[in-house]
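# An overview of the molecular structure
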Amino acid sequence: ELERKTQVSGRLVSLGEMAAGLAHEINNPLTPILGFADLLLGKDLPKNIRADLLIIRDSARRTADVTRRLLIFARQSKPMRALCNINEVVETVLQLRVYALKTNSIKVITELAPKLPQTMADSGQLQQVVLNLIMNAEYEMSQAHRGGNLLVKTEKMGNIIRVSVKDDGPGISKENREKLFQPFFTTKKVGEGTGLGLSVCHGIVTEHNGRIYAESGLGQGTTFTVELPIVGQQKEEEAKPLDSNTPEVEK
């Protein structure tokens, strides 16, 4: 088992280096594409040409977002930490998705702990984590029964802030649950997912000395939990990683 873990770790390191190299190579030609597209869009152009340019720019932006995720996966994008209110992170993400959630007939229930302490964190990266978890839940529920219930909860547990995102979707099989945080693993249809979302989330949470895990069973919905240590401005360097062992859930 130790040998297997060592081999997997070695492969992930190599994969991370390859991903970082690919991301940098893709970013180089993307920069002039985005730059010139924006310059051209600032000119007086016929509507049909403007529409084509918008497609080019938006496609380039999506590609840039993928490369950004690759760099985070390769841990070449360090967090910019400051005192952060996790409740505000959750509320900001929910505001971003309010229209999509309503359109997909998903009822959102929030249980945000009052007086949740602030912690040193990169609020932008944590927004990305929460956004990814909410969008995954949204996708699964809309695919399974065109709607559902989403519970987003925050709480303080000792010296830990816990954020949980619970859906009543189709659930995840044990086989797939064991692969959730592997890069490029996805259960979505071709063209609908890169398989990088959860691995990037794992990388971000780990970079914050926290942990992320899933509890699920087929037909019983899914709960993703993120646990972050409460770190004060004076104690950031002293923060220790949380125990990475995830609870084994049999359902």
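Residues numbered from 1 in each chain as written. Predicted model: local features only at pLDDT ≥ 70, side-chain atom pairs only at ≥ 80, totals over all residues. Heavy atoms only, no water.

Moving on to helix H6 (residues 197-207). Most of H6 sits out of view: 9 of its 11 residues are buried. Among all positions of H6, only Gly 197, Leu 198, Ser 199, Val 200, Cys 201, Gly 203, Ile 204, Val 205 and Glu 207 are buried. One or two steps after H6, the chain reaches Asn 209, where phi turns positive at roughly 60°. (Buried < 20%, exposed > 50% of the residue type's maximum accessible area, 1.4 Å probe, protein only. Helix = DSSP H or I, 4+ residues; strand = E, 2+ residues; numbered from the N terminus.)

Quick look at the packing of helix H3 (residues 86-103) against helix H4 (residues 123-145) now. Orientation of H3 relative to H4, taken along the N-to-C sense of each, is 40°, at an axis distance of 9 Å. Looking at the two axes, H3 sits oblique to H4. Considering only the axes of H3 and H4, their crossing is right-handed. Judged by residue contacts, Ile 86, Val 89, Thr 92, Val 93, Leu 94, Arg 97, Ala 100 and Leu 101 of H3 engage Ser 123, Leu 126, Gln 127, Val 130, Leu 131, Ile 134, Met 135 and Glu 138 from H4. By residue class, the composition of the contact of H3 with H4 is 11 nonpolar, 3 polar and 2 charged. (Axes fitted to C-alpha atoms, helices over the stretch in contact; angles between N-to-C directions. Parallel < 35°, antiparallel > 145°, perpendicular 65-115°, else oblique. Left-handed = near helix turned anticlockwise from the far one by under 90°. Contact = heavy atoms within 4.5 Å. Nonpolar A, V, L, I, M, F, W, Y, C, P; charged D, E, K, R; others polar.)

As a further point, take unusual backbone geometry. Phi at Ser 105 takes a positive value of approximately 60°, unusual for a residue other than glycine. When you line up the elements, Ser 105 lands in the loop between H3 and strand E2 (106-112).

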